[in-house]
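The chain contents come next:
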Amino acid sequence: MIDYLPEWLREFREIKVLSAKYQMQMDKLWSTAESLWSNNFIHSLDEHGCDRWEKILHLKKGDMYTLQDRRNNIAGRLAEQRPYTFKKLCLILDVLCGKNGYAITLFPETYTLRVKVMLTSKNMLNDVKSLLDRMIPANLVVEADLMYNVYELLKPYTYRELKAYTYKKLREEVMK
C-alpha cells in the first residue's frame, strides 16, 4: 500500500504504521477474492469449496480422500445427466477414476455389468458403486471390485524382491 503514496509522504512514521495495517487487510481481502474466484471452477476447488459442493450434492466426505479425489467425486456427480447410456457411464467413470483408472465389461447374455477399478483409484471404489446403483437399470447384475495385481504384473520381480511383502500387499498395493 505504501508504494501507491507519493515519496515525500512515505517518510512519516504514522503513514508507515497505517500502511502496514492497511497492507494486512488488503492481503487478507486479496486472498479471499482469489479463493472466491478459484472456487468457481471444479478443478481448482479448495477445502471450503469442496465442503460447499459436497453439501449441495449430498456427498459424503471420506477421511481418506485427497483434495483431488473430492474434486473428482464432485465433477463425476455434476457430469451425471440423463439419458443413462453405456457411453455416458464410461464418460462419468473417466471423470471419477481417470481415463485408464477402470475396466468395464458388459455381458448382455447374462445381463451382467462388471466394473473393475484400478488400484491407483481404489479410494473411488465406493463412489463408483454408488454411481452404478444410481445409473444402472435394476434388471442388470452389477459387479464392482478392485482390479488386483495379477501374476503377469509380478512376473518381472524375483522371489527375493517379493519376499519383503505380504500376500495382501502384493495383491492390493500399487506396484511400481
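Residues numbered from 1 in each chain as written. Predicted model: local features only at pLDDT ≥ 70, side-chain atom pairs only at ≥ 80, totals over all residues. Heavy atoms only, no water.

(A) Representation of the sheet that holds strand S1 (residues 102–107). Sheet architecture is open: three strands sit in the order S1-S2-S3, paired in mixed fashion. Edge positions in the open sheet fall to S1 and strand S3 (141–147), since each of these has one partner strand only. With direction set aside, neighbouring strand axes in the sheet form an average angle of 15 degrees. As paired strands, strand S2 (residues 112–118) and S3 are joined by seven bridges and run parallel to one another. Along S3, the bridge assignment pairs Val115 with Ala144. Most of the contacts of helix H5 (residues 86–97) go to S1, to which it runs at about 160 degrees, and overall it touches S1 and S2. Each of S2 and S3 touches helix H6 (residues 125–135); the most contacted strand, S3, lies at about 165 degrees to it. (Pairing = 2+ DSSP bridges. Helix = DSSP H or I, 4+ residues; strand = E, 2+ residues; numbered from the N terminus. Axes fitted to C-alpha atoms, helices over the stretch in contact; angles between N-to-C directions. Contact = heavy atoms within 4.5 Å.)

(B) How the structure looks around the pairing of S1. Here S1 pairs with S2 via six bridges, running antiparallel. Its bridge partner lying in S2, Thr105 is registered against Arg114. Counting the residues in the hairpin turn of S1 and S2 gives four residues, including Tyr111, whose phi is positive at 55 degrees.

(C) Seen up close, the packing of H5 against H6. Where H5 meets H6, the axes come as close as 11 Å, and the angle between the chain directions of the two elements is 160 degrees. With respect to H6, the axis of H5 lies roughly antiparallel. Seen from above, H5 lies across H6 with right-handed handedness. Contacts from Lys88, Leu89, Ile92, Leu93, Leu96 and Cys97 in H5 reach Asp127, Val128, Leu131, Leu132 and Met135 in H6. Looking at side-chain class alone, the contact of H5 with H6 contains nine nonpolar, no polar and two charged residues. (Parallel < 35°, antiparallel > 145°, perpendicular 65-115°, else oblique. Left-handed = near helix turned anticlockwise from the far one by under 90°. Nonpolar A, V, L, I, M, F, W, Y, C, P; charged D, E, K, R; others polar.)

(D) Up close: the nonpolar core. The biggest cluster of nonpolar side chains holds 21 residues, and the ones touching the most others in it are Leu89, Leu93, Ile104, Val128 and Leu132. Mapped by element, the contributors of at least two residues to this core are H5, S1, S2, H6 and S3. In terms of residues, this core owes the most to one element, H5, which gives six residues. Membership of the second largest hydrophobic core comes to five residues, among which are Cys50, Leu57, Leu59 and Ile74. (Core = buried A, V, L, I, M, F, W, Y, C linked by side-chain atoms within 4.5 Å. Buried < 20%, exposed > 50% of the residue type's maximum accessible area, 1.4 Å probe, protein only.)

(E) View of the packing of aromatic side chains. Inspection of the entire model under this criterion finds one aromatic pair. With centroids separated by 5.3 Å and ring planes inclined at 70 degrees, the aromatic side chains of Trp37 and Phe41 adopt a geometry described as edge-to-face. (Phe/Tyr/Trp six-rings, centres within 6.5 Å; stacked < 30°, edge-to-face > 60°.)

(F) Quick peek at the pattern of salt bridges. The full count for this structure, using the stated rule, is five salt bridges. Among the ionic pairs, Glu47 bridges to Arg70, the shortest N-O distance being 2.6 Å. Of this pair, Glu47 sits in helix H3 (residues 47–57) while Arg70 sits in helix H4 (residues 67–79), and the two are 23 residues apart along the sequence. Look at Arg70 and you get buried, because its relative accessible area is 2%. In this structure, Arg70 engages Asp51 in a salt bridge whose closest nitrogen and oxygen atoms are separated by 2.6 Å. In this pair, Arg70 is assigned in helix H4 and Asp51 in helix H3, connecting sequence segments 19 residues apart. Here the salt bridges share partners, and the residues they tie into one network are Glu47, Asp51, Glu54 and Arg70. (Salt bridge = Lys/Arg side-chain N within 4 Å of Asp/Glu carboxyl O.)

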